[in-house]
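A closer look at the structure
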Amino acid sequence: MTKVLTDARSIRIKGRSFLAVVLSPDLPLDQWLERLDDLAARSAGFFLDRPVVLDVSELSIKKAELKQLIDDLAARKVRIMGIEGARPSQLTPEMPPAMKGGKPASDVEVTAQEPETEAEAEADVAAVVSPAPQRQEAPQVRAIPQSLTIDEPVRSGQSIIFPEGDITIVGSVASGAEVIAGGSIHIYGTLRGRAMAGSIGNSNARIFCRRLEAELIAIDGIYKMAEDMDSSLRGHAVQLSLEGETIMADVLF
């Protein structure tokens, strides 16, 4: 006899991925909270309606201190959806749940050793895919480009988020808009809003724009506000990159 396993009272459960901001505090916490306040004050709405994960894996604090930190963040309207790196003894039922398994990079597997030349790569593909000596040509393996192109300006209040790779904007990014990429960001217009490249852990990411008027720029979690940027860069085409923990700027033309 066949038994029906679904009815009107069934609950549908789906898997889905979301991009969350990860906060990694450092000691002393009061000074870190001051820097967080400074970021929030100069970039209104940065944490508004945004899921946040608190990473305490490199933070040596007690249970009471962790609870106080969560309360301090809640008072700043920073909603913690989960805690990463905490010991079970640090957590209580009232705290956000423990999280693990987050990936700091996009889901692209890279082998530990890569061939030095394209010719060696083709030879390796031939050896694995077609070992028969009579076959002359090896199939070509091409990587799928990880990029997103937006063929229009990004208006105020819009968020363009693409953690898998680069974002190209054919137009400008308005004040109050934001672009978040796992890779680099290319803006063929004026950058007036926020641009965050390397958002999931990529220190080699860069930001390019034809005219810099940004409210905030960030690469691999290192950010600069408009007030912190060299005024001589504003209005120019620039390339922004990261050296250590310093954002460097080159005027393109």
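Presented here is an overview of the structure given in this document. (Residues numbered from 1 in each chain as written. Predicted model: local features only at pLDDT ≥ 70, side-chain atom pairs only at ≥ 80, totals over all residues. Heavy atoms only, no water.)

1. Observations regarding the packing of helix α1 (residues 29-42) against helix α2 (residues 63-75)
Heads up, the rule is: Here the axes come from fitting lines to C-alpha atoms, over the contacting stretch only for helices, and the angles between their N-to-C directions go from 0 to 180 degrees. A helix here means a DSSP run of H or I that spans at least four residues, while a strand means a run of E at least two residues long, and both kinds are numbered starting from the N terminus. Here roughly perpendicular refers to angles of 65 to 115 degrees, roughly parallel to angles under 35, roughly antiparallel to angles over 145, and oblique to all remaining angles. The crossing is said to be left-handed when, going from far helix to near helix, the turn is anticlockwise and less than a right angle, and right-handed when the turn is clockwise. Note on contacts: a residue pair qualifies if any of its non-hydrogen atoms lie within 4.5 Å across the two residues. For this classification, Asp, Glu, Lys and Arg are treated as charged, while Ala, Val, Leu, Ile, Met, Phe, Trp, Tyr, Cys and Pro are nonpolar and the rest, including Gly, are polar.
It is the contact of α1 with α2, at a shortest axis distance of 12 Å, that shows an interaxial angle of 20°. As the angle between them shows, α1 and α2 are arranged roughly parallel. Between α1 and α2 lies a crossing whose hand is right-handed. Every residue of α2 that contacts α1 at L29, W32, L33 and L36 is listed here: L69, D72 and L73. Per-class residue counts for the contact of α1 with α2 are six nonpolar, no polar and one charged.

2. Re α2
For clarity, the cut-off: Given a helix with a known number of residues, its expected span is that number minus one, times 1.5 Å. The classification of residues rests on relative accessible area computed with a 1.4 Å probe and restricted to protein chains. Under 20% of the type maximum is buried, over 50% is exposed, and intermediate values are partly exposed. Working definition: the arc comes from the directions between the helix axis and the C-beta atoms, pointing outward to the latter.
Its 13 residues place the ends of α2 18 Å apart at the C-alpha level, agreeing with the 18 Å of an ideal helix rising 1.5 Å per residue. Of the positions making up α2, those classed as buried are L66, L69, I70 and L73. Axial view of α2: buried residues confined to an arc of 95°, hence all on one face. Set apart from the buried face of α2 by more than 90 degrees, the exposed residues are A64 and A75. Where the residues of α2 are buried, they touch β1 (21-23), α1, β2 (52-55) and β3 (80-84). Where α2 ends, the next residue or the one after it, K77, has phi of about 65°, a positive value.

3. Quick word on the pairing of strand β12 (residues 216-219)
Worth spelling out the cut-off: In short, DSSP must find at least two bridges between two strands for them to pair.
Of the two faces of β12, the one holding L216 and A218 and the one holding I217 and I219 are both buried throughout. Pairing geometry for β12 and strand β13 (residues 222-225), over four bridges, is antiparallel. In the strand pairing of β13, A218 is matched with Y223. Count of turn residues in the β12/β13 antiparallel hairpin: two residues, of which D220 carries a positive phi of about 55°.

4. Describing the side chain of S241
Considering the arrangement of structural elements, one finds S241 in strand β14 (residues 238-243). For S241, a relative accessible area of 11% puts it in the buried group. Not counting residues up to four positions away in its chain, the partners in contact with S241 are A205, R206, I219, T246, I247 and M248.

5. Considerations on the nonpolar core
A general trend in soluble globular proteins is that nonpolar side chains are found buried together. To keep it simple, the criterion reads: By nonpolar core we mean a set of buried residues, namely Ala, Val, Leu, Ile, Met, Phe, Trp, Tyr and Cys, connected to one another through side-chain atoms within 4.5 Å.
Formed by 28 residues in total, the largest nonpolar core has its most connected members in I169, V173, I185, L191, I207, L212 and I217. Only β6 (159-162), β7 (166-169), β8 (178-181), β9 (185-191), β10 (194-197), β11 (207-212), β12 and β14 provide two or more residues apiece to this core. Non-local contacts of L191, meaning those with residues more than four positions away in its chain, are made with V173, I207, C209, R211, L212, E213, A214 and I217. L39, L54, I80 and M95 belong to the second-largest nonpolar core, a separate cluster that totals 27 residues.

6. Comments concerning unusual backbone geometry
The omega torsion across L27 and P28 is -5°, close enough to zero to call that bond cis. For P28, the location among the structural elements is in the loop between β1 and α1. In this model, K77 sits at a positive phi of 65°, which is unusual for a non-glycine residue. Along the polypeptide, K77 turns up in the loop between α2 and β3. Positive phi outside glycine occurs at D220, with the angle close to 55°. When you line up the elements, D220 lands in the loop between β12 and β13. You can call D220 partly exposed: its relative accessible area is 30%.

7. Re α1
Its 14 residues give α1 an end-to-end C-alpha distance of 20 Å, which sits within 8% of 20 Å, the value for a rise of 1.5 Å per residue. If you follow the buried residues of α1, they end up packed against β1, α2, β12 and β13.

8. Some details on the sheet that holds β6
Within a sheet, adjacent strands bond to each other through the backbone by hydrogen bonds, running parallel or antiparallel. Spatially, the five strands line up as an open sheet ordered β6-β8-β10-β12-β13, and their pairing is mixed. This sheet does not close on itself; its edge strands, each paired only once, are β6 and β13. Taken over all neighbouring pairs, the strand axes of this sheet differ in orientation by 5° on average, direction set aside. As defined by bridge partners, β8 adjoins β10 across three bridges and the pair is classed as parallel. Within the sheet, the bridge partner assigned to V179 lies in β10 and is A195.

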